[in-house]
Amino acid sequence: MDESTFKESLLRKRGELLAAGSGGVKPLTATMDTNTRQGDLADQASGNNEVHIQLKLKQTDAKILQAIEEALYRMEQGTYGICRDCGEPIAPARLNAIPWTRVCITCKEKQSS
Ligand SMILES: [Zn+2]
């Protein structure tokens, strides 16, 4: 596997996400804001799912952006491709699919169960 290929994918994805967000809005701030108010908004939006879906999408984008920044940082540190939780190398196929992933598939499955 070639790390520079992953870096390219990460930078491209980051560019897409930044272009998609309305300019000037800081993704991380938006995420925190959404987290605190999501309950209320979801209640108000019953019958209008669109609002809720849009909020969810924004939240996901912000999370991915953060993960991309972390992945780029790990590349600089030389620890890219190492699972954050167990320290084992992440399978190249998984990195191909999600270059910004932090954990291996085993730990991911543990998390979601
Ligand atoms: Zn792991």
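Residues numbered from 1 in each chain as written. Predicted model: local features only at pLDDT ≥ 70, side-chain atom pairs only at ≥ 80, totals over all residues. Heavy atoms only, no water.

Draft legend 1. Focus on the pattern of salt bridges. Per the stated rule, a full pass over the model turns up three salt bridges. Taking the shortest distance from any N to any O, the salt bridge between Arg 102 and Glu 70 comes out at 2.6 Å. Note that Arg 102 is positioned in the loop between helix 4 (92-97) and helix 5 (105-112) and Glu 70 in helix 3 (residues 49-77), a separation of 32 residues in sequence. Salt-bridge contacts for Asp 85 lead to Arg 84; the nearest nitrogen and oxygen are separated by 3.3 Å. Judged by relative accessible area, which is 45%, Asp 85 ranks as partly exposed. The class for Arg 84 is exposed, based on a relative accessible area of 51%. (Salt bridge = Lys/Arg side-chain N within 4 Å of Asp/Glu carboxyl O. Helix = DSSP H or I, 4+ residues; strand = E, 2+ residues; numbered from the N terminus. Buried < 20%, exposed > 50% of the residue type's maximum accessible area, 1.4 Å probe, protein only.)

Draft legend 2. Fine view of the nonpolar core. Leu 10, Ile 68, Met 75, Tyr 80, Cys 83 and Trp 100 are the most contacted members of the largest nonpolar core, which has 18 residues in total. Of all the elements in the fold, those that place two or more residues in this core are helix 1 (3-20) and helix 3. Ranked by residues supplied to this core, first place goes to helix 3 with seven residues. Setting aside chain neighbours within four positions, we find Leu 10 in contact with Ile 68, Ala 71, Leu 72, Met 75, Tyr 80, Pro 99 and Trp 100. (Core = buried A, V, L, I, M, F, W, Y, C linked by side-chain atoms within 4.5 Å. Contact = heavy atoms within 4.5 Å.)

Draft legend 3. Focus on the packing of helix 1 against helix 3. Axis separation between helix 1 and helix 3 bottoms out at 10 Å; the angle between their running directions is 150°. In terms of axis orientation, helix 1 runs roughly antiparallel to helix 3. Helix 1 and helix 3 meet at a crossing whose hand is left-handed. Residues Glu 3, Phe 6, Lys 7, Leu 10, Leu 11, Lys 13, Arg 14, Leu 17 and Leu 18 of helix 1 lie in contact with helix 3, whose contacting residues are Asp 61, Ile 64, Leu 65, Ile 68, Glu 69, Ala 71, Leu 72 and Met 75. Of the residues that constitute the contact of helix 1 with helix 3, the class distribution is eleven nonpolar, no polar and six charged. (Axes fitted to C-alpha atoms, helices over the stretch in contact; angles between N-to-C directions. Parallel < 35°, antiparallel > 145°, perpendicular 65-115°, else oblique. Left-handed = near helix turned anticlockwise from the far one by under 90°. Nonpolar A, V, L, I, M, F, W, Y, C, P; charged D, E, K, R; others polar.)

Draft legend 4. Geometry of helix 1. Taking 1.5 Å of rise per residue, 18 residues should cover 26 Å, and helix 1 covers 26 Å from first to last C-alpha, within 8% of that figure. Along helix 1, the residues classified as buried are Phe 6, Leu 10 and Leu 17. End-on, the buried residues of helix 1 take up no more than an arc of 40°, which puts them together on one face. Helix 1 presents Glu 8, Arg 12 and Ala 19 as exposed residues on the side facing more than 90 degrees away from its buried surface. At its buried positions, helix 1 is contacted by helix 3 and helix 4. (Expected span 1.5 Å × (residues − 1). Arc of directions from axis to C-beta.)

Draft legend 5. Main features of the coordination of the zinc ion. Those protein atoms acting as donors to the zinc ion are Cys 83 (SG), Cys 86 (SG), Cys 104 (SG) and Cys 107 (SG), and they sit at 2.3 Å. Around the zinc ion, the four donor atoms sit at angles spanning 103 to 116°, and that spread fits a shape best called tetrahedral. All donors of the zinc ion belong to a single chain; written as a sequence motif, their spacing is C-x2-C-x17-C-x2-C. Taken as a pair, Cys 86 in the loop between helix 3 and helix 4 and Cys 104 in the loop between helix 4 and helix 5 lie far apart in primary sequence, 18 residues in all. The class for Cys 86 is partly exposed, based on a relative accessible area of 38%. (Donors = N, O, S within 2.8 Å, 3.2 Å for Na, K, Ca; no water. Tetrahedral: all angles 85-135°; square planar, octahedral: opposite > 155°, others 65-115°.)

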